[in-house]
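Remarks on the overall topology
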Amino acid sequence: MTSTPFSKILIANRGEIALRIMRTARRLGYGVVAVYSDADRDALHVREADEAIRIGEALPSQSYLKIEAIIAAAQASGADAVHPGYGFLAENEDLAQACRDAGLVFIGPSPDSIRAMGNKAGAKEIMLAAGVPCVPGYQGADQSDAVMLAEANRIGFPVMIKAVAGGGGRGMRLVADATAFPDALRSARSEAQGAFGDPTVILERAIADPRHIEIQVFGDRHGNAVHLGERDCSVQRRHQKLIEEAPSPAVSVPLRARMGAVAVAAVQSIGYEGAGTLEFLLDTSGEFYFMEMNTRLQVEHPVTEAITGLDLVELQLRVASGAPLGLEQEDITFTGHAIEVRLCSEDAGHDFMPQSGRMALWQMPGEIRVEHALQSGSDIPPFYDSMIAKLISHGESRDAARRQLIHGLEQTAVFGVTTNLAFLAACLAHPAFAKGEATTAFIGQHRDELLAPRADAASEAALAAVLLYVSDPFAQPWRGGRTLAASFPVPVRVELDHAIHELEVGRERDGGYLATLENMAYRIEIHAIDGDTVRFSSNGVMESARFLRDGDRLFMLHRGVTLAVRDLTLAAPTTAASNGGDGKVRAAMNGRVVAVLVKPGEKVEVGQPVMTLEAMKMEHVHTAGIAGTVSAIDVAEGEQVTTGKIVVEIEAGA
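Read on for a plain summary of the structure.

Rules of the game
Residues numbered from 1 in each chain as written. Predicted model: local features only at pLDDT ≥ 70, side-chain atom pairs only at ≥ 80, totals over all residues. Heavy atoms only, no water. Helix = DSSP H or I, 4+ residues; strand = E, 2+ residues; numbered from the N terminus. Rg over C-alpha atoms; globule rule 2.2 N^0.38 Å. Buried < 20%, exposed > 50% of the residue type's maximum accessible area, 1.4 Å probe, protein only. Salt bridge = Lys/Arg side-chain N within 4 Å of Asp/Glu carboxyl O. Arc of directions from axis to C-beta. Phe/Tyr/Trp six-rings, centres within 6.5 Å; stacked < 30°, edge-to-face > 60°. Lys NZ or Arg CZ within 6 Å of the ring centre and 35° of its normal. Axes fitted to C-alpha atoms, helices over the stretch in contact; angles between N-to-C directions. Parallel < 35°, antiparallel > 145°, perpendicular 65-115°, else oblique. Left-handed = near helix turned anticlockwise from the far one by under 90°. Contact = heavy atoms within 4.5 Å. Nonpolar A, V, L, I, M, F, W, Y, C, P; charged D, E, K, R; others polar. Polar contact = N/O pair within 3.5 Å; in protein donor to acceptor, adjacent residues only side chain to side chain. Core = buried A, V, L, I, M, F, W, Y, C linked by side-chain atoms within 4.5 Å. Pairing = 2+ DSSP bridges.

Some details on the overall build of the protein
Summing up its helical and strand segments, the protein has 16 helices and 39 strands in all. Here the C-alpha radius of gyration of the protein, 26 Å, is about what a compact globule of 654 residues would show, namely 26 Å. The C-alpha extent of the protein, read off along each of the three principal axes, is 85 × 60 × 55 Å. Each of the 654 residues in the protein was classed as buried or not, and the buried ones make up 55%.

A closer look at the pattern of salt bridges
Summed over all chains, the structure comprises 50 salt bridges. Here R27 makes a salt bridge to E314, at a shortest N to O gap of 2.9 Å. Linking R27 in helix α1 (residues 15-27) with E314 in helix α11 (residues 312-320), this pair joins segments that are 287 residues apart in sequence. A salt bridge links D385 to R170; the shortest N-O distance between them is 3.3 Å.

Brief notes about helix α6 (residues 120-129)
Those residues of α6 lying buried are K120, A121, A123, K124 and M127. The buried side chains of α6 occupy one side of the element, clustering within an arc of 160° when seen end-on. Phi turns positive, to about 80°, at G131, one or two residues after α6.

What to know about the packing of aromatic side chains
Going through the model one piece at a time under the given rule, you end up with eleven aromatic pairs. Geometrically, the ring pair formed by F6 and Y30 is stacked, given 5.0 Å between the ring centres and 25° between the ring planes. With F6 in the segment before β1 (8-11) and Y30 in the loop between α1 and β2 (31-37), the pair connects residues that are 24 residues apart, well separated along the chain. Its relative accessible area of 18% is what places Y30 among the buried residues. Summarising the aromatic geometry, the rings of F88 and Y384 are spaced 6.2 Å apart at their centres and angled 85° between planes, so their arrangement reads as edge-to-face. Of this pair, F88 sits in the loop between β4 (81-83) and α4 (93-101) while Y384 sits in the loop between β21 (379-380) and β22 (387-395), and the two are 296 residues apart along the sequence. The burial state of F88 is the same as that of Y384; both residues are buried. Aromatic ring contacts, followed pair by pair, group Y64, F88, F383 and Y384 into a single cluster. The ring of F433 has R398 lying over it, and the distance from NZ or CZ to the ring centre is 4.6 Å.

Notes on helix α7 (residues 145-155)
Among the residues of α7, those classed as buried are M148, E151, A152 and I155. All buried residues of α7 fall inside an arc of 105° around its axis, so they share one side. Exposed side chains of α7 directed beyond 90 degrees from the buried face belong to A146 and R154. A positive phi of about 100° marks G156, the residue just after α7.

Section: the packing of α1 against α11
Where α1 contacts α11, the two axes come as close as 9 Å, and the packing angle between them is 60°. Overall, the two elements α1 and α11 adopt an arrangement that is oblique. In the packing of α1 onto α11, the handedness of the crossing is right-handed. Facing α1, whose interface residues are R20, I21, T24, A25 and R27, α11 presents L312, V313, E314 and L317. Broken down by class, the residue content of the contact of α1 with α11 amounts to five nonpolar, one polar and three charged.

Some words on the side chain of S77
By the element assignment, S77 lies in helix α3 (residues 67-77). Looking at S77, its side chain comes within polar contact range of the main-chain nitrogen of A79, at 3.4 Å. When neighbours within four sequence positions are excluded, S77 is seen to be in contact with K8, L10, V33, E51 and I53.

What to know about the side chain of E371
Among the secondary structure elements, E371 is positioned in strand β20 (residues 369-372). When neighbours within four sequence positions are excluded, E371 is seen to be in contact with E16, R20, R23, A389, K390 and I392.

Things to note about the nonpolar core
F6, I9, I243, L343, W362, L428 and F442 are the most contacted members of the largest nonpolar core, which has 72 residues in total. The next biggest cluster of nonpolar side chains, apart from the first, holds 30 residues, and it includes L503, A515, I526 and V565.

Focus: unusual backbone geometry
Look at the link from F157 to P158: it is a cis peptide, with omega at 0°. Looking at the element boundaries, P158 is found in the loop between α7 and β7 (159-163). With omega at -5°, the peptide bond leading from A246 into P247 counts as cis. Position of P247 among the secondary structure elements: in the loop between β12 (240-246) and α9 (253-269).

Focus: the sheet that holds strand β11 (residues 225-237)
By way of backbone hydrogen bonds, the strands of a sheet pair with one another, either parallel or antiparallel. Judged by pairing direction, the sheet is antiparallel, and its eight strands sit side by side in the order β14-β13-β10-β11-β12-β15-β22-β20 without closing on themselves. What marks the edges here is a single partner per strand, and that holds for β14 (288-294) and β20. Sheet twist, expressed as the mean angle between neighbouring strand axes with direction ignored, is 25°. Sheet analysis places strand β15 (residues 337-344) next to β22, joined by eight bridges and oriented antiparallel. By the bridge assignment for β22, E340 is matched with I392. Here helix α10 (residues 301-308) sits on the sheet in contact with β10 (211-219), β11, β12, β15, β20 and β22, set at roughly 160° to β15. Sheet contacts for helix α13 (residues 421-429): β12 and β15; angle to β15, the most-contacted strand, approximately 150°.

Here is the structure:
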């Protein structure tokens with residue numbers, strides 16, 4: 001077995017994972033090269049690298065998914081190794097082969113291993129042959145609509161449609177019955193084609209309320225392989241993970257040994273090199289079923305690093321250079337408990353709709369590990385995954401790690417783009433999660449509780465109204481002291497947590513402010529405003545809050561929760577147009593049109609799908625707001641649209 005030394009690594013990825021790889025590579029003395037699309041020209045990973053090379057336009061298919069551009073960038077920069085990160089081309093055997101053909105070290109498994117295990121259908125065949133329990137399903141070559149429907153009926157509904165390539169929940173659909181199957185199949189194929197360049201799918205029986213358990217494995221070219229324990233990734237939305245932890249509260253020591261042994265035997269059977277993860281469903285009886293293998297580093301690898309004390313990127317580089325792994329199974333020990341949350345630019349209250357735009361204030365907590373690639377003023381483009389940061393805690397016990405992570409989230413300031421910050425904190429604080437009882441059904445079962453309006457929404461609306469009042473550029477300046485005269489109350493209308501609040505705000509003679517809301521009066525006295533921090537008393541309780549005003553928007557970090565407020569005082573009243581009631585269907589976010597589902601002259605009903613938009617690697621179906629006849633289609637498939645653009649027009653009752 002020959003060694004394959006390298007000295008400069010091109011990172012074929014972006015954002016936080018690029019920075020994460022750079023950190024270890026630099027510690028070990030390697031040079032690092034970044035690649036970027038037009039949308040990422042000013043991104044942090046570009047500025048932090050030793051060198052950076054443009055590889056194309058904003059869309060992934062025109063940049064980060066272009067193998068020839070990646071290879072050309074490596075050659076132009078003098079890099080002799082390529083690290084794919086995760087996502088994009090990380091599980092693409094063609095990239096691994098292209099690197100090999102170009103004389104570059106691919107920091108990952110061989111093309112043959114990726115082909116064998118990265119394809120869900122092929123991986124299931126290997127596992128079945130090895131006697132590993134697998135979820136019943138269909139992974140045949142015949143992908144015709146008729147055969148797929150027949151196989152779904154044979155398996156029995158509900159069934160899961162899964163893209164054979166890639167991961168991250170893309171190209172995946174849970175289908176309840178045969179009626180919904182054709183549309184779900186089309187949508188899954190379209191999403192898989194867009195994300196991975198392969199529309200092929202498999203079918204699996206849907207197992208009720210399982211836990212999602214994955215085993216981290218490592219192998220080297222000398223035949224050594226170990227597992228690094230499990231991660232519990234059960235808390236998911238849209239089949240994508242939101243919270244991951246290690247160890248799993250549902251996995252006993254004997255079960256860990258059984259699952260780990262299966263995983264190690266599987267990778268040894270194909271001579272696997274590098275990092276990999278075998279994913280299983282664990283049912284309520286304690287039986288586990290193989291789902292798929294990810295032939296790459298995982299998003300959630302930090303929780304494994306936390307409990308093992310190992311640097312997984314360092315292990316990747318060691319194995320890729322041809323050195324032995326240097327670990328025996330008995331060398332692996334586990335200490336404490338770790339939990340990771342994925343901070344995403346999405347609106348949890350609106351079906352986790354992706355969000356893009358400028359992050360006006362970005363401040364991460366200092367007490368816990370955070371992986372991110374943003375700063376205040378950074379733009380979040382609509383072309384890539386919605387995950388913008390990972391926050392990871394490590395404690396002596398699960399509850400210590402959970403409480404530490406909640407505290408970290410409470411110190412996180414993210415102003416300017418809607419995120420799932422409050423939703424993550426609500427998940428961690430929920431009794432079912434606290435008890436370690438969360439399954440893949442957790443968010444579905446507890447969604448109303450997790451998204452419930454905050455109990456103190458009225459007092460927060462009052463504080464927001466006062467801050468809007470004192471920060472109004474046309475108002476009398478706040479002087480931080482007593483005033484000579486009280487002011488007449490003025491109306492203030494704000495939107496907070498998707499609810500409209502009508503208030504009156506006035507300044508009292510002693511300098512305090514009185515905000516009246518729904519016959520409740522909130523007396524707020526401002527003691528000091530220092531930059532973006534306000535110190536105030538509300539009904540006798542002194543506290544502080546961070547805030548930032550941006551036009552008619554006000555952002556606050558108050559009592560550990562980031563709140564976005566809109567000043568609607570001078571805005572026109574909301575009309576039916578906002579929900580398509582005027583017959584015009586508007587794009588709900590920046591994105592790309594992947595399917596126009598109706599034709600001019602076609603009759604539609606309320607709620608009927610008319611157009612599918614892809615944003616941040618997820619598809620979002622837009623529906624008719626009224627019944628009528630399609631009078632115009634204002635976009636074409638493949639077109640990039642902005643939020644609010646009219647895409648379909650419907651004439652009522654025609």
